[in-house]
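The residues making up each chain are set out below.
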Amino acid sequence: MTYQNKRELSHRRLILLLVITLNTLDVKLNQHDNHKLNKFQQDLSYCGKCFEQQIESCGNLFKDIKNDEDVAIWWQFLKLLPQRSCKRNNNFLQISSSGQKIVEKYFANSQDHLKWSVNIRDLKEKFLHQDRLDGLQFYPPHKIENFIDVLHEWHMKWPKVTIWLYLLVNIQPILMPLLYAMNFPVPQTYGTCGFTLYQEHAGLALHNFYIKDFDIKLKIAQELLKASLKFSHGFQGYRLYITDLTADNIVYDVKEARLSFVDLDTVFVVDSLEVKYKSSTHKHEYIECPGCFAYSPEDISAHNISDINIYSTCQFLREDLYRDQSKGFLQPIPQEISVTYPQLGKLLNLCVDCPWEANCSQRFGVAKQLLLVFEDILNKS
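These figures come from a predicted structure and were not determined experimentally.

Points about the nonpolar core
Inference 1: The biggest cluster of nonpolar side chains holds 102 residues, and the ones touching the most others in it are Leu167, Leu179, Phe231 and Phe374.
Inference 2: Viewed by domain, this core spans two of them, domain 1 (1-200) and domain 2 (204-379), each represented by three or more residues.
Inference 3: Sequence-distant contacts of Leu179, that is, excluding residues within four places in its chain, are made with Phe184, Val186, Phe231, Phe235, Leu240 and Leu264.

This is the structure we're talking about:
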């Protein structure tokens, strides 16, 4: 078979895949409409008292959302291609009345909650005595009820048992709307229906920007470092530390020049009013962990504030989790930038390595210097 014949055959196969996708799309979209309703009904059956307050708002939401057909066609096509996979089981939808694109996320796939006794006493007991390697971590644990009160003030229509349940399954439905209202860099939440979250489609994941122009990457780095400072200071005395800062968990909208954290299910919350050292800053030290991010919860939770967010941001900009500096988000720094702004690379190194002999006991100061350099480069580019 000649090269030309092989090429034509390949094109025919591609067209056939597209035809199959288009012919089955309407059926799949209708199935999805029923699927989201069935999911909510299943969650109501599991705990009616937890989710009955959501029935009216979710009913209105379901009437106002439709499948984003442009995205859905492409999504279904990709599913037919070999060797493709997706990290998350998300669906792309659209608000009919506004045209806003949204993402549907179901976040109780483990089904662990089906074994639980759903009442506040038992859920609290489970939270206090469970070794949590993922999900929300809160310190000190015995002060969790104060944090519950803060969350419940924002979600007054929901009973406290619902807050406790989300606290254990996934913190995002109760934390994300509160953070959005406080101008944290998170997407807008359009609704929570049982264990399904409907969230603004706020941009493309950062792994799409590694090959983009340096000025775009620098704008993202600037917003990312600002975000690390904002989360570190938190709200109402609660420090928020991001323990899973990866290119998949953060998105950027180029048109809006807006960065958003789309997954905060593993956030580490510290009540700074209840820590041992109320006026000191915790300095994060690198812990050997190839391919992962390790930290000491005991050290972080003992101090008024930690610089771990700044560290993880600078590490992301300089290197990957295997410490390969050729794979950092800002790498390679263009030669002309390195020559004109030699302090850029030096400050990134100082921020990550932070040696005591270089008087780097305060990463917050280094972060502010980096932001000034970012701004200077962007203003002159």
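Considering the state of the cysteines
Inference 1: Throughout the structure, instances matching the rule amount to four disulfides.
Inference 2: The disulfide that involves Cys58 links it to Cys193, with 2.1 Å between the sulfurs. On the sign convention where negative is left-handed, the bridge of Cys58 and Cys193, at about -110° about the S-S bond, is left-handed. One end of the pair, Cys58, is in helix H3 (residues 55-64); the other, Cys193, is in strand E5 (residues 189-193), with 135 residues separating them in the sequence.
Inference 3: For Cys58, a relative accessible area of 2% puts it in the buried group.

A word on the sheet that holds strand E11 (residues 268-271)
Inference 1: Taken in spatial order, the three strands of this open sheet run E4-E11-E8, and their pairing is mixed. Only two strands of the sheet have a single neighbouring strand rather than two, namely strand E4 (137-139) and strand E8 (238-241). Each strand axis lies, on average, 15° off the axis of its neighbour in the sheet, ignoring direction.
Inference 2: Pairing of E8 with E11 involves four bridges; the strand directions are antiparallel. Residue pairing in the sheet places Leu240 in a bridge with Val269 of E11.

A closer look at the packing of helix H6 (residues 144-154) against helix H8 (residues 172-181)
Inference 1: Where H6 meets H8, the closest approach of the two axes is 10 Å, and the angle between their N-to-C directions is 70°. Compared by their axis directions, H6 and H8 come out roughly perpendicular. Contacts between H6 and H8 involve Val150, Leu151 and Trp154 from the former and Ile174, Pro177, Leu178 and Ala181 from the latter.

What about the side chain of Arg318?
Inference 1: Among the structural elements, Arg318 can be located in helix H11 (residues 308-318).
Inference 2: Among the polar contacts made by the side chain of Arg318, one reaches the side chain of Asn349 at a distance of 3.1 Å.
Inference 3: Leaving out residues up to four positions away in the same chain, Arg318 has contacts with Arg323, Asp324, Gln325, Gly328, Gln331, Leu348, Asn349, Val352 and Asp353.

Regarding the packing of aromatic side chains
Inference 1: Counted by the stated rule, this structure contains 25 aromatic pairs.
Inference 2: Arranged with centres 6.1 Å apart and planes meeting at 70°, the rings of Phe62 and Tyr198 form a pair that is edge-to-face. Residue Phe62 is found in helix H3, and its partner Tyr198 is found in strand E6 (residues 196-200); the two are separated by 136 residues along the sequence.
Inference 3: Judged by relative accessible area, which is 15%, Phe62 ranks as buried.
Inference 4: Taken together, a centroid distance of 4.9 Å and an interplanar angle of 55° make the contact between Phe147 and Tyr238 tilted. Within this pair, whereas Phe147 is found in helix H6, its partner Tyr238 is found in strand E8, the two being separated by 91 residues in sequence. Here Phe147 matches Tyr238 in class, with each residue buried.
Inference 5: By the ring-pair criterion, three or more aromatic residues cluster together here, those being Tyr46, Phe51, Phe107, Trp158, Tyr166 and Phe195.
Inference 6: Of note, Lys39 hangs over the ring of Tyr106, and the distance from its end group to the ring centre comes to 3.9 Å.
Inference 7: The side chain of Lys217 reaches across the aromatic face of Phe329, ending 5.9 Å from its centre.

Calculation criteria
- Counting restarts for each chain, with residues numbered from 1 along the sequence as it is written.
- Reporting in this predicted model follows two pLDDT cut-offs: at least 70 for local features of residues, and 80 or more for side-chain atom pairs to be given and counted; totals over whole chains, interfaces and linings ignore these cut-offs and use all residues.
- For the side-chain quantities, the full set of heavy atoms in the structure was used; hydrogens and water were omitted.
- The set of buried Ala, Val, Leu, Ile, Met, Phe, Trp, Tyr and Cys residues whose side-chain atoms join them within 4.5 Å is what this entry labels a nonpolar core.
- Burial here depends on accessible area, computed with a 1.4 Å probe over protein chains only, as a share of the maximum for the residue type. Under 20% is buried, over 50% is exposed, and the range in between is partly exposed.
- The split into domains, and so the bounds of each, comes from an automatic or database assignment of domains.
- Residues are treated as being in contact if the distance between any of their heavy atoms lies within 4.5 Å.
- Cysteine sulfur atoms are paired as a disulfide whenever they fall within 2.5 Å.
- We count a stretch as a helix when DSSP gives it H or I for four or more residues in a row; a strand needs E for two or more, and each element gets its number in order from the N terminus.
- For two strands to count as paired, DSSP must find a minimum of two bridges between them.
- Angles run from 0 to 180 degrees between N-to-C directions of axes, and those axes are lines fitted to C-alpha atoms, restricted for helices to the stretch in contact.
- Angular relationships are summarised with four words: roughly parallel below 35 degrees, roughly antiparallel beyond 145, roughly perpendicular across 65 to 115, and oblique for the angles in between.
- The term polar contact refers here to a pair of N or O atoms within 3.5 Å; inside protein, the definition further demands a hydrogen-donor-capable atom paired with an acceptor-capable atom, and it admits residues adjacent in sequence only when both atoms are side-chain atoms.
- Each Phe, Tyr or Trp ring (for Trp, its six-membered ring) is paired with any other whose centre lies within 6.5 Å, and the angle between the two planes then decides the class: stacked below 30 degrees, edge-to-face above 60, tilted in between.
- Both a distance and an angle decide whether a charge sits over a ring: NZ of Lys or CZ of Arg must be within 6 Å of the ring centre and within 35 degrees of the ring normal.

Treat this as a map of the structure, not an account of what it does.
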